[in-house]
Amino acid sequence: MTAVTEWRGKRGYARKLEMKDFSQAPFVVIWEVTQACDLACVHCRASAAPWRDPLELTTAEGFRLLDEIRAFGDPLVVFTGGDPRFGLKNIWTAG
């Protein structure tokens, strides 16, 4: 079910907002790309390790996952996890 409403922002401009049915597609996807990190920060909730887990997605699998997420529509994708240097190669060029 999709509903369209009108919203006026701070400057008074009218915008049509399409309300999406989140039981059909997510609004946000949070992906912990890796737990690998050389640091052991006390504020971090992750169980960091200095190496990538062999069960983590490969770069090709990661790009396939992003393609599948994109098929949902246009969700907000949040990349989180350990040190990005240990994550998927070229993941930051995905768009």
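Sequence order as written defines residue numbering, which begins from 1 separately in each chain. Local features in this predicted model are restricted to residues whose pLDDT is 70 or higher, and side-chain atom pairs enter the listing and the counts only when it is 80 or higher, whereas totals over whole chains, interfaces and linings include all residues. Hydrogens and waters are ignored; side-chain quantities use all the structure's heavy atoms.

Caption draft 1: Region of interest: the packing of aromatic side chains. Only the six-membered ring of Trp is used, alongside the rings of Phe and Tyr, when aromatic pairs are assigned; centres must lie within 6.5 Å, and planes under 30 degrees apart are stacked while those over 60 apart are edge-to-face, with the rest tilted. One pass over the structure, following the stated rule, counts 1 aromatic pair. For the pair Trp31 and Phe79, a centre-to-centre distance of 5.9 Å together with 50 degrees between the ring planes defines the contact as tilted. One end of the pair, Trp31, is in strand S3 (residues 28-34); the other, Phe79, is in strand S4 (residues 76-81), with 48 residues separating them in the sequence. Whether a residue is buried, partly exposed or exposed follows from its accessible area with a 1.4 Å probe, protein chains only, as a fraction of its type maximum: under 20%, in between, or over 50%, in that order. Residue Trp31 is classed as buried on the basis of its relative accessible area of 10%. Given a relative accessible area of 31%, Phe79 falls into the partly exposed group. Every helix listed is a DSSP run of H or I at least four residues long, and every strand listed is a run of E at least two residues long, numbered separately from the N terminus.

Caption draft 2: Spotlight on the environment of Ala49. With respect to the secondary-structure elements, Ala49 resides in the loop between S3 and helix H1 (59-71). Using a relative accessible area of 16% as the deciding quantity, one classes Ala49 as buried. Residues Ala49 and Cys37, spaced 12 residues apart in sequence, show a C-alpha to C-alpha distance of 5.6 Å. Should any heavy atoms of two residues lie within 4.5 Å, those residues are considered in contact. In this structure Ala49 touches Gln35, Ala36 and Cys37, once residues within four positions along its chain are discounted.

Caption draft 3: Expanded view of the nonpolar core. One finds Val29, Trp31, Val33, Leu66 and Ile69 forming the largest nonpolar core, which totals 5 residues. For this core, the secondary structure elements donating two or more residues are S3 and H1. Per element, the largest residue contribution to this core is 3 residues, and it comes from S3. Here, nonpolar core refers to any group of buried Ala, Val, Leu, Ile, Met, Phe, Trp, Tyr and Cys residues whose side-chain atoms link them within 4.5 Å.

Caption draft 4: Main features of the pattern of salt bridges. Put simply, a salt bridge is a Lys or Arg side-chain nitrogen that is within 4 Å of an Asp or Glu carboxyl oxygen. In total, this model carries 2 salt bridges according to the counting rule given. As a salt-bridge pair, Glu56 and Arg52 come within 2.8 Å of each other at their nearest N and O atoms. By relative accessible area, Arg52 is classed as partly exposed at 29%. A salt bridge links Arg70 to Asp74; the shortest N-O distance between them is 3.2 Å. By relative accessible area, Asp74 is classed as exposed at 58%.

Caption draft 5: Region of the structure containing H1. Under the 1.5 Å per step criterion, the end-to-end length of H1 is 19 Å for 13 residues, consistent within 8% with the ideal 18 Å. Those residues of H1 not exposed but buried are Gly62, Leu66 and Ile69. Looking straight down H1, one finds that the buried residues subtend no more than 60 degrees of arc, so they occupy a single side. In H1, those exposed residues whose orientation departs by more than 90 degrees from the buried face are Asp67, Glu68 and Ala71. For H1, the elements touching its buried residues are S3 and S4. Of the residues flanking the end of H1, it is Gly73, one or two places downstream, whose phi is positive at about 140 degrees. Each residue after the first adds 1.5 Å to the expected span of a helix. In this description, the arc belongs to the directions extending from the helix axis to the C-beta atoms.

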